[in-house]
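# Topology and contacts: notes
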Amino acid sequence: MLTRSAALALTLAPTLASALVPTLVPTLVIAEMPASARAQDYRGVNLAGAAYSSNKIPGRYGYDYLFPKPAEITYFHDKGMNIFRLSVLWERLQPALRTPLDAAYLGRIDNFISQVHAVGGTVILDIHDYGRYRGTLIGGDSVSAADFRDLWTRLGAAFRDRPYVWFGLMNEPQQSSAQDWGDIAQQAILGARQAGARNPVLVSSVNWDAAHGFAGLFGPVAERLRDPAHNMVFEVHEYFDQDSSGRSPDCIPADQAVGRLASFTDWLKATHHKGFLGEFGVGRNDQCLQDLDRIAAYLRDNRSVWLGWTYWAAGPLWGEYMYTLEPTKTGQDRPQMTVLDTYLPRGQDRTIR
């Protein structure tokens, strides 16, 4: 999420506030997932930081941007979460098109993945660029689908031996045509597979990747996508304020909130695909917390097609951002975490293998 989150970025440290960058496809082959995985074993959170200050490229590590600290992983893992969506910037990862990946930035990604894997968790590597590279949309002469394929060929080679790394091809691509984006995504999938990677691939829709519009807008294109490894998932996002933008602390009634997910759920069931809710968030008032409870229950009850979810968002620089799951300075859980906690594993079930 960004453009809608950009207004909220003012809650961050001044050096970061101006440029926050927050936030498929045959049936998933479950054999590619960790052996102990069952339906909807994946419940977690977006961790922001590595894609901050997108107007400062490459930016200064530790000042313009940062990576999540081990304490972040520990807190959410101890709550029972086992999947972390990590936003990164293409421009920092690959400073020039079709060149080797930046060793320092890739090393920090690798370090984060190792920390998550050490506690048995999974990482979604999320290219958080809205279908662009240095502000230019993928699909033209300046930034081509082949350039994007090159990125994912290199990432596929880097992470092909780690099935606990999922490939989030692109956050909320802004291409004007669903078919154009589908063609670009297809090339990225083939690039990762060309490198020998069989990791799960998450493919988003255009138009902010909204769950409520996916079936009509991107569904026909999605049906034509192909994955040689048969390990693709459709990722969608959804917010539950009046205009679905994620900019308001207020929420619509709970039955309407669940309704925003229904058409996508129906499409998954009809087409025998799998889905993942990569971003969703609510404010702290009673109506929003009721919505969150209903949404989490709905996802659980439809776990035959929903593999899981990552809430938006957490990270130490969010301050009092209305959706944050980051605990308060005194260590208290946020109200949203209190709700989600009832849908997380308990006792021995918290050990994610």
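Up top you'll find the structure we're talking about.
Below or above, wherever it landed, is the structure these notes cover. What you see is a predicted model, and the numbers here were worked out from it, not measured in a lab.

### Here we look at helix α6 (residues 145-159)
With 15 residues, α6 extends 21 Å between its outermost C-alpha atoms, agreeing within 8% with the 21 Å of an ideal straight helix rising 1.5 Å per residue. Regarding α6, the residues found buried are Asp147, Phe148, Asp150, Leu151, Trp152, Thr153, Leu155, Gly156 and Phe159. Tucked inside the fold, the buried residues of α6 contact α4 (90-93), α5 (103-118), β3 (122-127), β6 (165-168) and α7 (178-194).

### Examining the sheet that holds strand β7 (residues 201-203)
Read around the barrel, eight strands follow the order β1-β2-β3-β6-β7-β8-β9-β10 and close on themselves; strand pairing throughout is parallel. Neighbouring strand axes in the sheet, compared pairwise and without regard to direction, differ in orientation by 25° on average. Judged from the two bridges that link them, β6 and β7 form a sheet pairing that is parallel. Note on β7: the bridge partner recorded for Phe167 is Val201. Against the sheet, helix α11 (residues 286-301) touches β9 (275-281) and β10 (306-314), its axis set at about 150° to β10.

### Regarding the packing of helix α10 (residues 254-271) against α11
Helix packing for two helices is described by the angle between their axes and how far apart those axes are. Running from N to C, α10 and α11 cross one another at 30°; their axes reach a closest spacing of 8 Å. Taken together, α10 and α11 sit at an angle that is classed as roughly parallel. The crossing of α10 and α11 is right-handed. Where α10 approaches α11, its residues Ala254, Asp255, Ala257, Val258, Leu261, Ala262 and Thr265 are matched on the opposing element by Gln287, Gln290, Asp291, Arg294, Ile295, Tyr298 and Leu299. For the contact of α10 with α11, the residue count by class is eight nonpolar, three polar and three charged.

What counts and what doesn't
- Residues numbered from 1 in each chain as written.
- Predicted model: local features only at pLDDT ≥ 70, side-chain atom pairs only at ≥ 80, totals over all residues.
- Heavy atoms only, no water.
- Helix = DSSP H or I, 4+ residues; strand = E, 2+ residues; numbered from the N terminus.
- Expected span 1.5 Å × (residues − 1).
- Buried < 20%, exposed > 50% of the residue type's maximum accessible area, 1.4 Å probe, protein only.
- Contact = heavy atoms within 4.5 Å.
- Pairing = 2+ DSSP bridges.
- Axes fitted to C-alpha atoms, helices over the stretch in contact; angles between N-to-C directions.
- Parallel < 35°, antiparallel > 145°, perpendicular 65-115°, else oblique.
- Left-handed = near helix turned anticlockwise from the far one by under 90°.
- Nonpolar A, V, L, I, M, F, W, Y, C, P; charged D, E, K, R; others polar.

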